[in-house]
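What the coordinates show
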Amino acid sequence: MIQAEEFVEAARNLGFGWYTGVPCSFLTPFINYVINDVQLKYISAANEGDAVAIAAGAAIAGKPAVVMMQNSGLGNAVNPLTSLTYIFRIPLLLICTLRGDRVLQDEPQHQLMGQITDKLLQTMTIPWEYFPTDAAQIEPVLQRATAYMQQERCPYALIMRKGAIAPHALTRSSIPERENSNSPHIQQSFFRDHKEQRISRSEALAQIVELTDPENTVVIATTGYTGRELFASKDSANHLYMVGSMGCASSMGLGLSLARPDLKVVVIDGDGAALMRMGNFATIGTYGGANFTHILLDNEVHDSTGAQATVSAGISFAKIAEACGYGVTLAGDDPSLLDALFTADANTRPKFAHLKIRPGTLEKLPRPNLTPEAVLQRFMKHIGNS
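Residues numbered from 1 in each chain as written. Predicted model: local features only at pLDDT ≥ 70, side-chain atom pairs only at ≥ 80, totals over all residues. Heavy atoms only, no water.

In the nomenclature of an unreviewed UniProt entry, the chain corresponds to Phosphonopyruvate decarboxylase from the organism Nostoc cf. edaphicum LEGE 07299.

So this is what it looks like as structure tokens:
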């Protein structure tokens, strides 16, 4: 058994100051120590996949990050671990608890995952070792992990068994207090008379590009046609085209915006992606700042897979964003909504726009001719972190 301080301080000496995840009782002392230290950053994620994407955003900004989770939630993280951190080559330190450990009597829901946690990590080509239980093991473990992450630019995992860390009391909240909590909320609707008048995705993207300054603004486009059309519209070093990891664009954008408050971060989402990881709306509303702008282009279908309908026709995303704490929430199908969004003052809170568009895409739509890794390296160089 070690003290939480021993591991966290050794990790801090190696640059790790950002933590995110979903709690587990095995992790309680560790999480408590991180939250208690005002010099460390802890983001409470809605699920483990969002935690991976948030940490990836911080890592892109040059902040080495730790993701903490129970192994029962490792399944939630498989998608971003295989289609985000792996293909973009983003190094993260994972700490995954071992519920269902063969040497313990545990709850039945942990039995199978306890047997396959190590195999699941191996299948994802994530090297792992057990979390240290002796102070003398900490430095060698962290050295092996950081050496691998620096060389391969991929995650490295530590599996934590029960009782690895001594108890540590929580003395402060992980939820930030909002300044100007009584400031007025801005909500407007921009609807026209006929659905046929809705603009296309490419028209909306072109307008967004016109409204963003590449010198101080980055644009993250969700997977599918959105990223591909943004590339086709105007490829730029300040653009990041997500591939796979559906629904993770907003959480990665949140991590980047928090790690780089000097940078304006614009996330372009889709209705299917937003529905898949709607829990991140609450995380953005709680932690996000005025440098975060979230745009949802909603054509009410999964366009890139055959235009199967989503359930978005009956969903008011703007009201959800408002309830979650965004400072500006706009909705409609009039493209003037975008102009209003970029000129609105959200004070200290993030901004959101739900723009209805028509289905369909460009003929002979190209794919980015750069690999995801090359796109990310160019992006990081653009923001001064390469």
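Observations concerning the overall build of the chain
For the chain, the helix and strand inventory stands at 15 helices and 15 strands. Its C-alpha radius of gyration of 21 Å places the chain within 12% of the 21 Å reference for a compact globule of 386 residues. Each principal axis of the C-alpha distribution contributes one length, and for the chain these read about 65 × 50 × 45 Å. The burial tally for the chain puts 55% of its 386 residues in the buried class. Within the chain, counting contacts between residues at least 6 apart in sequence, those at least 24 apart form 78% of the total. Summed over its atoms, the accessible surface of the chain is roughly 16000 Å², and 50% of this surface lies on carbon and sulfur atoms. Here the chain contributes 31 positive and 37 negative side-chain charges, whose respective centroids are spaced 3 Å apart. (Helix = DSSP H or I, 4+ residues; strand = E, 2+ residues; numbered from the N terminus. Rg over C-alpha atoms; globule rule 2.2 N^0.38 Å. Buried < 20%, exposed > 50% of the residue type's maximum accessible area, 1.4 Å probe, protein only. Contact = heavy atoms within 4.5 Å. Areas by Shrake-Rupley, 256 points an atom, 1.4 Å probe, with all protein chains shown as cover. Lys, Arg positive; Asp, Glu negative; His and termini not counted. Charge placed at Lys NZ, Arg CZ, Asp CG, Glu CD.)

Describing the nonpolar core
Membership of the largest hydrophobic core comes to 88 residues, with the highest contact counts inside it found for Ile 60, Leu 92, Ile 220, Leu 240, Met 252 and Leu 256. When residues of this core are assigned to their parent elements, the largest contribution, nine residues, is made by helix α3 (residues 48-60). Not counting residues within four places of it along the chain, the set of residues in contact with Leu 92 comprises Val 52, Ala 55, Ala 56, Ala 59, Ala 65, Val 67, Thr 85, Met 149, Cys 154, Pro 155 and Tyr 156. Residues Phe 7, Cys 24, Leu 27 and Val 34 belong to the second largest nonpolar core, which totals 33 residues. (Core = buried A, V, L, I, M, F, W, Y, C linked by side-chain atoms within 4.5 Å.)

Side note on the side chain of Arg 260
Of note, Arg 260 is situated in the loop between α10 (249-259) and β10 (264-270). Arg 260 gets classed as buried once you look at its relative accessible area, which sits at 17%. For Arg 260, the side chain forms a polar contact with the side chain of Asp 262, separated by 2.8 Å. Discounting chain neighbours no more than four positions away, the residues touching Arg 260 are Ala 61, Asn 291 and Ile 383. (Polar contact = N/O pair within 3.5 Å; in protein donor to acceptor, adjacent residues only side chain to side chain.)

Some words on the packing of helix α4 (residues 74-83) against helix α6 (residues 111-123)
When two helices pack together, their arrangement is given by the angle between the helix axes and by the axis-to-axis distance. Viewed as axis vectors pointing N to C, α4 and α6 meet at an angle of 15°, and their least axial separation amounts to 12 Å. The pairing of α4 with α6 is recorded here as roughly parallel in orientation. Considering the relative orientation of α4 and α6, their crossing is left-handed. Taking contact as the criterion, the partners of Leu 74, Gly 75 and Val 78 in α4 are, on α6, Met 113, Thr 117, Leu 120 and Leu 121. (Axes fitted to C-alpha atoms, helices over the stretch in contact; angles between N-to-C directions. Parallel < 35°, antiparallel > 145°, perpendicular 65-115°, else oblique. Left-handed = near helix turned anticlockwise from the far one by under 90°.)

Considerations on the sheet that holds strand β7 (residues 186-190)
Taken in spatial order, the seven strands line up as β7-β14-β15-β11-β10-β8-β9 in an open sheet, and their pairing is parallel. Unpaired on one side and paired on the other, β7 and β9 (239-241) mark the two borders of the sheet. Averaged over neighbouring strand pairs, the angle between their axes works out to 15° when direction is ignored. Bridge count for strand β8 (residues 217-221) against β9 is three bridges, and the pairing is parallel. Looking across to β9, one finds that Ala 221 is bridged to Tyr 241. The strands touched by helix α15 (residues 372-382) are β8 and β9; relative to β9, the strand with the most contacts, the crossing angle is about 155°. (Pairing = 2+ DSSP bridges.)

Side note on the pairing of β8
Buried residues dominate β8, accounting for five of its five residues. Here β8 shows no split at all, with Thr 217, Val 219 and Ala 221 on one side and Val 218 and Ile 220 on the other all buried. Sheet topology note: the β8/β10 ladder contains five bridges and is parallel. Each residue of the ladder has a partner; that of Ile 220, found in β10, is Val 267. In this region the chain leaves β8, passes through helix α9 (residues 225-233) and returns to the parallel neighbour β9; the handedness of that crossover is right-handed. (Right-handed = clockwise from strand over helix to strand, strands pointing away.)

Section: the pairing of β10
The buried fraction of β10 is high, at six of seven residues. Sheet topology note: the β10/strand β11 (residues 292-298) ladder contains six bridges and is parallel. What sits directly across from Gly 270, in β11, is Leu 297.

Quick word on the pattern of salt bridges
Under the defined criterion, the tally for this structure stands at 18 salt bridges. With a closest N to O distance of 2.3 Å, Arg 12 and Asp 37 form a salt bridge. One end of the pair, Arg 12, is in helix α1 (residues 4-13); the other, Asp 37, is in the loop between α2 (28-36) and β2 (41-44), with 25 residues separating them in the sequence. According to the relative accessible area criterion, Asp 37 is buried, its value standing at 16%. Glu 373 is the partner of Arg 153 in a salt bridge, and the nearest nitrogen-oxygen pair spans 2.1 Å. Separated by 220 residues along the polypeptide, Arg 153 in the loop between α7 (135-152) and β6 (156-160) and Glu 373 in helix α15 bring together distant segments of the chain. Residue Glu 373 is classed as partly exposed on the basis of its relative accessible area of 28%. Taken together, the salt bridges that share partners define one network made up of Arg 198, Asp 298, Glu 300, Asp 333 and Lys 356. (Salt bridge = Lys/Arg side-chain N within 4 Å of Asp/Glu carboxyl O.)

A few points about the packing of aromatic side chains
Within this structure, the stated rule accounts for 11 aromatic pairs. Ring centres of Phe 7 and Phe 131 lie 4.6 Å apart, and the angle between their planes is 35°; this geometry places the pair in the tilted category. Of this pair, Phe 7 sits in helix α1 while Phe 131 is found in the loop between β5 (128-130) and α7, placing the two residues 124 residues apart along the sequence. The same class applies to Phe 7 and to Phe 131, which are both buried. Here the aromatic rings of Phe 281 and Phe 352 are separated by 5.6 Å at their centres, their planes lie at 65°, and the arrangement is edge-to-face. (Phe/Tyr/Trp six-rings, centres within 6.5 Å; stacked < 30°, edge-to-face > 60°.)

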